[in-house]
Structure formats: C-alpha cells, structure tokens
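Geometric and topological summary
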Amino acid sequence: MGETIMNKNDERSPERWIRPGQTDFCPGCGYGTILNYLARALEKTGADPSLTVAVGGIGCAAWIPDQYMQTHTLHTTHGRPIAFATGVKLAKPELNVLVISGDGDLATIGTSHLIHAARRDLDITVFCVNNFVYGMTGGQAGGTTPTGAVTSTSPAGHAEKPLDLISLVLAAGGRVRTEAEGGAEGLNASVESDMLIASGRFAAREIVLTRQPQRVISTCEKALAHQGFSFVELIAPCATHFNRKNRIYSVTDLKAYLNANYISASKATKTPLTDRAGKQLCGLFKSKEEYERLVGGAI
Amino acid sequence: MERISIKRELCKKCGYCASVCPTDVFGPNGELQNPAECRHCGLCALICPERAIVLDENNTEKSIPEAASGPGSGGWNKVQTQKPGRHLLSGNETIALPALDAGCRFYAGYPITPASEIMYGMLGLNNIPNGRFIQMEDEISSLAAVIGAALAGKKAMTATSGPGLSLMQENISFAVMTETPCVIVDVMRAGPSTGQATRPAQGDIMPAIWSGHGDARKIVLAPVDIADCYSLTIEAFNLSEMFRVPVIILIDEIIAHLKEIVDIPERNLVYDRAYDPNERHFGPPSNYGRRAASLPPFGGRELLHVTGSTHDQSGTRAASNPDMEQWTTDSIARKIQEAGAYIHWRAPKIKKNTKHVIIACGSVVRAAEEAVRRLARQGESVALIPIKFLSPFPDLELEKALLHNPEVHVIEMNQGQLIHLVRAVYPAALSLTQNTGTAIEPRRIIDYFLNKEWERRS
Ligand code: SF4
Ligand SMILES: [Mg+2]
C-alpha cells in the first residue's frame, strides 16, 4: 500500500528538491505539506532541478519556493509572479517554470496576470495555495475569503462573495490554434508556434489535509506534465489567522470544516445537488462546461 | 527495530500525521504512541509539513546538483550592426535598431501614446533567432516579464510613457534590488495624470531618477537628438549589463517623433554579461572593477536564488539584519557612482568670459542651440551645456565648467526639475520653465535673454 517512501538504492529522492531544515511556517500550517507534495510530484515528472525555475510572489505561500525549494527560485513583487514567469518561460522555453503563490497574491492583487496567462495558454504550471486570508500580514480578508468568515478585516463575518478560481481559469483558458490550423500567422508568430500550445484547459482543486495525499501528488504531477497552462488550487486554511477566528481549534475541527465545505467531483456525481449545496468541488477539470454541469449552474 | 521514527527537532506537533494514520500509531500531537501498529503505508510522511517522519533509518540526505560553469564569461565584443549607413528616422523608430544591435532579444510592452512606435520596431525580434516579443496585459507585467527574461539570460527592454512608468515603479525597485539588467524607455508626455497624451513635456525627470520606492538608484540617460537615440541606447544596454542596474532612457515627445538623419556605424562595442562560477552573485564582486558581480542565468547548473528581500552575497534572505540593509543600499549607490566614473562625461569647453550659460536636456537643447547662435549674432555671450546623463548626475564636471561664475539658466518643459539637480552644484542657477504641452521655441529663449527676464522676476 502506498509508494515506497525512501528507497536507499535510488540516488534520486524527492528530498533533493527541498533545502534541508525546519520551515518557518506556523504549527498546523499545511504549507510544509505542499512543499512535500511538490517535491514528490516534481521527482515523478523526472524534471531536473537545475532546469526548473520556481517563482513566487509575496506572502506565506510564496515562501514555499523562495525559502525552501532547491531549484532556481525567483521571489518577485506582490501579485506579479505569473508575469515574471512569463518572461522566464518565453526567454528560455526549455525551462520548467512553475509559480507557487497564495490566493491574495495570484487571485486578488494579481488576478489579471492569472487570467491572461490562462488565456495565452502559456506553458507554465500555477499552484495557487488558498488559505482564505492574507496570512503574512495578519489574516485580512481577500478575494477568496468565504462569505461569513471572520477575519481581521471582517470581524462580523465577511460580506462579500469569494472568487471561484477553477471557474475563472476555465473560463479564461484559451485554446490557441496550432500551426497547422494557421495559428502561427500574424504578429506573434514565433511566440505562438513554439510557446502557445493548443492543449485544452487544465484546472484542479485539491485539499492539502487529506487521507489521499497520493491523489494530490498525482494531480500536481499531471499539472506539471501538462503541455500548456495548468492551474492547481491547493486548499490549506491559515492555521493562525483563519482557523482560530472561525472556531477551528484542532485538526479534527479542520477536517470537519473541509468535509462540510468540499466534495470530490467523483462523489459529487453520485450525490444529488440538494445534498451538496454550498460545497465546492475538488478534482481535475478540463472544461468549463463539465465544471458547470457538476456545480449545477451554481457559479 | 521500529520502521518509523520522528525527527523531534523538526516536529511542530500539528497532529496532521494522527489525522491520516489508518491505525493508532500517533497521539493527537504527533507523539509515537503505538509504533508497532505501523503498516508502513507512508501517509504520515506525505502529510507531515516538516518532513519529520522517517520510515527507513537507512535513508540518507541526497546531494544537490553540483555547480558547474555556465555560458561564456562575457565582456566586450565588436558587433556588426544590422542596418549600417544613413537613415531618416524618428526617435521612436530609431530606438529599436540600437536595441537589437546591442543584443536585446526580449521585449515586453503595453501600448501607450506617444511610445507605441518603439513597440512596433521591436516586433523585429520575431524575425531573429531566440528573439521574443510579447504584448502584455499592462505595464506592471511588461516590466515583470522583462526582468524574468533578463534573469533567464536575455538582454531585455520595455518602453512606455509617464502613466506606464508610474505603474512600473514597484518592479523598477525590484530590478535595482535584485541587480537585474534591463532597459526602460520613457517617452515623456504632458501631465500630470492623463494630461495631454500627444504633447511633449519633461515632467518625468525627477520621477525617472527617483523611480522605485526605497532609494532604488539607477541610471537615467537623456538623448537630445536622433543620433543620441542610437548611441545612448547602445550605451544603455552596455551600462545596464556591466553594472546590473536598470537604465531608463528618457526622451520627450518631440525627440520621439522628430525625423532626422542618423548615421548608423558598421560596428558597435557591445558588453555581454559576465558569468564567473567562482564569484558570489550579489553585491560588489571581490575584484571590484568596472562591472557588477556576475550572474548565473536560470537554467544553469548553479542554482540561482533571486529575491527582492534584502539578501546577502549568495542571494540568501537577510530581512532583519541592519548591517545587511546598510551594506545593500551602500553597494547599490556605489555602483551608480562607478557608472559615473565609467561614463566620464565632459562638459563642452566654455570661454572664461562667457557671461551666460544655458543648461538643458532633451529637445530644449535644440531650441537653445538655435537661440545661442542668434544671440551671438546680436553680441550676447551665451553658451550651452546639454545634459545627457541625468543619473548619475555629472556634478563634478559641471562644477568645473562653471568655475568662472557665469550666470546659469536652466531651461526645461516642466515646473522646474533639472534646476534642482543643477542648484545642488551651483546654488545661484536661475530657472526658465514652460509647461504648455508645446515646444520651447528659440524665440522664447531669445526674448528671455534680450529682456533680461530673470532680473524682473527677483
Ligand atoms: S500565517 Fe497562516 S499561512 Fe502563514 S505560515 Fe502561519 S498558518 Fe501558514
Ligand atoms: Mg492567502
């Protein structure tokens, strides 16, 4: 059951993707787990750390690449890692370029770059770590904070509606015509012909604290291997600022919260809409229509 | 022997392991309760945020890829130009040519009046092997992409006007902090805000010099004609690569759209980025000469860690060390000084008996040249010092040129910006400004001198 975690005969190990030592994340934070998942997913793709550039913005999630990953790393300005990654990827298409950053960074201050990278079908992988708040600055509400959640800027409960990032990315994701289809004509010809690949859309949502870590790792691996733009939203509520303010005091409480608010796509297909109202879907989605059908038109 | 152990020094007692373990190996805080129950499924090791759980005691830390040498060591090269000979071109049409001749292979930009023609010129990148052009979603991402491409090893540029320069501020500061070479062209239009988008002004002199928060020093060049648009763009790339600093080329809308004859040489001296694997890659290099520390590109065997946080010479974050902050800002300021020594600009010779000296930059220089000629015919003794290097400002050279204490007049198309740089050298300098969104004409300057306007004003 499960993979062999450490194989002493194998020169390679997921550990080679991680700088040694303890992380600075708070106890109970899922970000160290994400680091662990990413290392395993990267190792499975057979990628080379020296041909990999991990780009982060500002915030706790951006520390996953910037402080702990043993690859080339680029710790950019707030909200802009996808834009920096665009330059890196276009300048050196042979590099694996991944962005790991938070919801406030990628989906609030920097949303437009997420939309446009998806639209361009740029061949990078974006991991958006969603902890529902701005963790590093003290737990303020952001673009993904659930309605009603208590945060340091919504002490009476957040009044606004959160962005559904899967829906957003699937809606924005463009399919660029291949050269055979005449897509290589026009001003961006050289860019289109070898960078922008007609790949279909790729958007996934996974929960970090799960009994099926292998599934999350496999989703991350597929995202990394996907040719064209791929997006993975990783749900890991901020232990310090979100959980405590919202009466989640233990790992058991957290699991209960996640179970109450998320459902896997495979389970959702077998569950009547009324029995899963208000729950967000987890899984891998390749078309907006498929996602909307599963959500039941609720987005 | 147990199959499972916990590295206590790493554990934060979060209890993630207990929540996934199918048996009762762990207590609620991750303590090993029933290790004999372990079925070696590995879920706990996967979920542990600190990688504190070890399932096989024989596991050893794996080595990281060793550093090896990357691309060439850089330096000066004589490079053939693409379109040598005589051309009739505007400033905006010109700038793409020297950029490509200097080895620029990446352009990211966003449309804005009156700079868009520079972007059209850079479309030529699509016909060059390894050339990349991309139109981004805004100016913030344009400069971000430029910096990303530069770190991947390309010479890279963007062009904009005042509103775009405003949007780029944060990433300009990032380029300064991370010592990333890049070139930014700012075509100045009349402002503030949207102002008069098609009209000339020089309101971005101070905003360009002081662009970017946190004392982010950089190089700012200001061509006065189309020949300068060519040669100073070559210079901009060379300075940027040598000193690993953003260089802003500042032109006003008149220079941008004025057509003039320009002679493009057969060859240029072009500086290519250095890479020395034995060097540390941030801050001054050990053998401090006329270049910054060398930079390994993304994708080389040596892993490069780049951060906008204060960092040490290896790029490791040092965000609360006072000495490191002082050292960082000192070394940035020192690089700009070094660039000044390298540029070694000389003021034109001025006769000791010259009563008046005009100091100007950009298109005002051209009107002033004409005014000086006509004033000379009327017996007025007026000389002109054009300023082409705004940062580092050539204060020592200027001081020497003004030793005989002439009356100094700074003429510019704004509310008075260059005057502050000149007054730091020569406190008695006088100011003539015009901010009408139209050129300062020779006639205006002649009237100013013939009527001795400065006397009436004080
Ligand atoms: S503040 Fe929140 S997101 Fe940041 S490390 Fe702590 S628990 Fe994790
Ligand atoms: Mg967040």
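Since the model is a prediction, treat every value here as computed from it, not as a measurement.

1. Points about the pairing of strand β1 (residues 52–56) of chain A
All names here are of chain A. In terms of residue burial, β1 counts as a mostly covered element, since five of its five residues are buried. Neither face of β1 is exposed, since T52, A54 and G56 on one face and V53 and V55 on the opposite face are all buried. Of the pairings in the sheet, the one linking β1 to strand β3 (residues 96–102) comprises four bridges and is parallel in character. Bridging from a neighbouring strand, A54 pairs with L98 of β3. Bridging between β1 and strand β2 (residues 72–75) involves four bridges; their strand directions are parallel. Among the inter-strand pairings, G56 is bridged to a residue of β2, identified as H75. At this point the chain moves from β1, through helix α2 (residues 63–68), to the parallel β2, and the crossover so formed is right-handed.

2. Looking at the packing of helix α11 (residues 364–377) of chain B against helix α14 (residues 442–450) of chain B
All names here are of chain B. Contact geometry for α11 and α14: axes closest at 8 Å, N-to-C directions at 50°. By the angle between their directions, the pair α11 and α14 is classed as oblique. When the axes of α11 and α14 are compared, the crossing they make is right-handed. For the pair α11 and α14, contact is made by A367, A368, E370, A371, R374 and L375 and by P442, I445, I446, F449 and L450, respectively. Here the contact of α11 with α14 is built from residues that sort into nine nonpolar, no polar and two charged.

3. Examining the coordination of the magnesium ion (ligand 2)
All names here are of chain A. Donor atoms from the polypeptide that bind the magnesium ion (ligand 2) are D103 (OD), N131 (OD1) and V133 (O), placed at 2.1 to 2.2 Å. Along the chain, the residues donating to the magnesium ion (ligand 2) are arranged with the sequence spacing D-x27-N-x1-V. With D103 in helix α4 (residues 103–109) and N131 in the loop between β4 (125–130) and β5 (133–134), the pair connects residues that are 28 residues apart, well separated along the chain. The residues D103 and N131 share a single accessibility class, namely buried.

4. A word on the pattern of salt bridges
Between side chains of opposite charge, a pair can form when the charged atoms approach closely. A full pass over the atoms with the stated rule returns 25 salt bridges over all chains. When the shortest N-O distance is used, the salt bridge between A:E15 and B:R51 registers 3.4 Å. Within this pair, whereas A:E15 is found in the segment before α1 (31–45), its partner B:R51 is found in the loop between α2 (43–47) and β2 (53–54), the two belonging to separate chains. The burial state of A:E15 is the same as that of B:R51; both residues are buried. For B:K259, the salt bridge is made with B:E93, and the minimal N-O distance between the two is 3.3 Å. Remark: B:E93 occurs in helix α3 (residues 91–101) and B:K259 occurs in strand β12 (residues 259–264); sequence separation between them is 166 residues. Each of A:D164, A:R205 and A:E233 takes part in a single network of salt bridges with overlapping partners.

5. Overview of the site of ligand 1
Residues and elements named next belong to chain A. Surrounding ligand 1, one finds F25, C26, C29, Y31, C60, N131, G135, C238, A239, T240 and H241. Take the shell around ligand 1: its biggest share by element is three residues, from helix α9 (residues 239–243). Across the shell around ligand 1, the residue classes break down as seven nonpolar, four polar and no charged.

6. Regarding α3(B)
Residue and element names in this part refer to chain B. Counting buried positions along α3 yields ten of eleven residues, so the element is predominantly enclosed. What α3 keeps buried is the set G91, N92, T94, I95, A96, L97, P98, A99, L100 and D101. Just beyond α3, the residue with positive phi is G103, at close to 100°.

7. Considerations on the nonpolar core
For soluble globular proteins, nonpolar side chains are generally found buried alongside one another. Residues B:M157 and B:I359 are the most contacted members of the largest nonpolar core, which totals 145 residues. With ten residues, the top contributor of residues to this core is helix α8 (residues 226–243) of chain B. Two domains share this core, each providing at least three of its residues, namely domain 2 (68–344) and domain 3 (356–457) of chain B. The residues contacting B:I359, other than those within four sequence positions of it, are B:I385, B:I387, B:L398, B:L402, B:V408, B:H409, B:V410, B:I411, B:L418 and B:V422. Counting residues in hydrophobic clusters, the runner-up holds 55 residues, among them A:I18, A:Y31, A:A41 and A:A149.

8. Some remarks on the pairing of strand β10 (residues 280–285) of chain A
Residues and elements named next belong to chain A. Sheet topology places strand β7 (residues 203–207) next to β10; three bridges connect them, and they run antiparallel. When the bridges of β10 are listed, A203 appears paired with F285. Inspection of the sheet shows strand β9 (residues 262–264) paired to β10 by three bridges, in the parallel sense. Residue pairing for β10: I263 is matched across the bridge by L281. Once the chain exits β9 it traverses helix α11 (residues 265–270) before rejoining the sheet at β10, and the crossover so formed is right-handed.

9. Regarding unusual backbone geometry
All names here are of chain B. Cis geometry marks the peptide bond from T113 to P114; its omega dihedral reads 5°. Its location among the elements puts P114 in the loop between β5 (104–109) and α4 (116–122). Here the residue pair S391 and P392 is connected by a cis peptide bond, since its omega of -5° sits within 30 degrees of zero. You can see P392 is positioned in the loop between β17 (389–391) and α12 (395–401). With phi around 50°, R51 is a residue other than glycine that occupies positive phi space. Look at R51 and you get buried, because its relative accessible area is 10%.

10. Concerning the interface of chain A and chain B
Residue-level contacts link 78 residues of chain A with 69 residues of chain B. Taking both partners together, chain A and chain B bury about 6000 Å²; carbon and sulfur atoms supply 58% of that area. Where chain A touches chain B, the interface holds three salt bridges. Across the pair A:D48 and B:R301 runs a salt bridge whose closest N-O atoms are separated by 3.0 Å. Counting across the chain A and chain B interface gives 33 residue pairs in polar contact (both at pLDDT 80 or more). If you list the elements that add at least two residues to the side of chain A that touches chain B, you get α1, α2, β2, α3 (81–91), α5 (111–120), α7 (189–194), α8 (213–225) and α10 (251–261) of chain A.

11. Notes on the confidence of the model for chain B
Residue and element names in this part refer to chain B. Confidence in the prediction for chain B averages 92 pLDDT; 94% of positions are at 70 or higher. Confidence drops under a pLDDT of 50 for residues 57–73, and excluding neighbours within four residues, the segment shows 28 contacts in the predicted structure. Of the two predicted TM-score estimates for the complex, the pTM is 0.90 and the ipTM is 0.89.

12. A word on the domain arrangement of chain B
When the domains of chain B are assigned, the result is domain 1 (4–64), domain 2 (68–344) and domain 3 (356–457). The C-alpha centroid of domain 3 of chain B is placed 74 Å from the C-alpha centroid of domain 1 of chain B.

What counts as what
- Residues numbered from 1 in each chain as written.
- Chains lettered and ligands numbered in written order.
- Predicted model: local features only at pLDDT ≥ 70, side-chain atom pairs only at ≥ 80, totals over all residues.
- Heavy atoms only, no water.
- Buried < 20%, exposed > 50% of the residue type's maximum accessible area, 1.4 Å probe, protein only.
- Helix = DSSP H or I, 4+ residues; strand = E, 2+ residues; numbered from the N terminus.
- Pairing = 2+ DSSP bridges.
- Right-handed = clockwise from strand over helix to strand, strands pointing away.
- Axes fitted to C-alpha atoms, helices over the stretch in contact; angles between N-to-C directions.
- Parallel < 35°, antiparallel > 145°, perpendicular 65-115°, else oblique.
- Left-handed = near helix turned anticlockwise from the far one by under 90°.
- Contact = heavy atoms within 4.5 Å.
- Nonpolar A, V, L, I, M, F, W, Y, C, P; charged D, E, K, R; others polar.
- Donors = N, O, S within 2.8 Å, 3.2 Å for Na, K, Ca; no water.
- Salt bridge = Lys/Arg side-chain N within 4 Å of Asp/Glu carboxyl O.
- Near = heavy atom within 4 Å.
- Core = buried A, V, L, I, M, F, W, Y, C linked by side-chain atoms within 4.5 Å.
- Domains from an automatic or database assignment.
- Buried area = accessible area lost by both parts, 1.4 Å probe.
- Polar contact = N/O pair within 3.5 Å; in protein donor to acceptor, adjacent residues only side chain to side chain.
- pLDDT = per-residue confidence, 0-100.

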